[in-house]
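# Structural description and commentary
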Amino acid sequence: MAGLQQTNSEMILLSWVRQSTRNYPQVNVTNFTTSWSDGLAFNALLHSHRPELFDWNVVASQPSPVQRLDHAFNIARQHLGIEKLLDPEDVATACPDKKSILMYVTSLFQVLPQQVTMEAIREVEMLPRHSRVTREEHIEVHEQHFSQEVSFAFLLSSCCSEVVISLPT
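One structure accompanies this document, and this report is about it. (Residues numbered from 1 in each chain as written. Predicted model: local features only at pLDDT ≥ 70, side-chain atom pairs only at ≥ 80, totals over all residues. Heavy atoms only, no water.)

### Observations regarding helix H4 (residues 65–80)
Selection criterion: Helix and strand assignments come from DSSP, with helices taken as H or I runs of at least 4 residues and strands as E runs of at least 2, each series counted from the N terminus. Between the first and last residue of a helix there are one fewer steps than residues, each counted as 1.5 Å, and that sum is the expected span. Type-normalised accessible area, obtained with a 1.4 Å probe on protein chains alone, sets the label of each residue: buried when under 20%, exposed when over 50%, and partly exposed for intermediate values. Note on contacts: a residue pair is in contact if any heavy atoms of the two residues lie within 4.5 Å. A 3.5 Å cut-off defines polar contacts: any pair of N or O atoms within that distance qualifies, except that in protein one atom must be a possible hydrogen donor and the other a possible acceptor, and neighbouring residues in sequence count only when both atoms are side-chain atoms.
In this model, H4 (16 residues) spans 21 Å end to end at C-alpha, consistent with the 22 Å of a helix rising 1.5 Å per residue. Residues of H4 that are buried: Arg68, Leu69, His71, Ala72, Phe73, Asn74, Ile75, Ala76 and Leu80. In the core, the buried residues of H4 are packed alongside helix H2 (40–49), helix H3 (56–60), helix H5 (88–91) and helix H6 (98–111). The distance from a side-chain oxygen at the start of H4 to the backbone nitrogen of valine 66 is 3.1 Å, and the residue carrying that oxygen is serine 64. Residue glycine 81 follows H4 closely and has a positive phi angle near 75 degrees.

### Things to note about the packing of aromatic side chains
Formally: Stacked, tilted and edge-to-face are the three classes applied to pairs of Phe, Tyr and Trp rings, where Trp contributes its six-membered ring and a pair requires centres within 6.5 Å; stacked means planes under 30 degrees apart, edge-to-face means over 60, and tilted covers the rest.
With the rule as written, the count across this model stands at 7 aromatic pairs. Geometrically, the ring pair formed by phenylalanine 32 and tryptophan 36 is stacked, given 6.3 Å between the ring centres and 10 degrees between the ring planes. Overall, the relative accessible area of 2% leaves phenylalanine 32 in the buried class. Ring centres of phenylalanine 73 and tyrosine 104 lie 4.9 Å apart, and the angle between their planes is 65 degrees; this geometry places the pair in the edge-to-face category. In this pair, phenylalanine 73 is assigned in helix H4 and tyrosine 104 in helix H6, connecting sequence segments 31 residues apart. A relative accessible area of 0% places phenylalanine 73 in the buried class. On the basis of relative accessible area, tyrosine 104 is assigned to the buried category, the value being 1%.

### Focus on the environment of serine 35
Along the chain, serine 35 turns up in the loop between helix H1 (8–20) and H2. Serine 35 sits 59 residues away from alanine 94 along the chain, and the two C-alpha atoms are 9.9 Å apart. Apart from residues no more than four positions distant in its own chain, serine 35 is found in contact with Asn28, Val29, Thr30 and Ala41. Among the polar contacts made by the side chain of serine 35, one reaches the main-chain amide nitrogen of threonine 30 at a distance of 2.9 Å.

Printed below as a string of structure tokens:
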């Protein structure tokens, strides 16, 4: 969906991820594709909410993205009850599948604390958008956009009864 406005659900999810991983300098999540391929984002997200589960420095120093991804997926399965929906080899690519990443991150969102600040949402709104979409890409994406947006919004609303958004005081 390059070049198109992100859905509100995606923006909230991305805001939550960025807020959760803010203290991990090796991690800069800006999308639901390439930001996840090295495995650090998944591990940072887990560690930020459940630091007692593993030593971040050990995982961050693992040389292989596949090892880091496998670690994150195993931790999520063993300690959070999230099935291993993704294969590390499918994520450790130049451009992992966006829908698959969204689905998995949504699963994490369901079981981890969901508080999102307005500051985090504004930060995501300021991220640069991908530019230069060909007419064919735009038409193809536009045709799929509505059904994906409805599906993702339904997924979030059906499994997450409430998302807390903190307003600055």
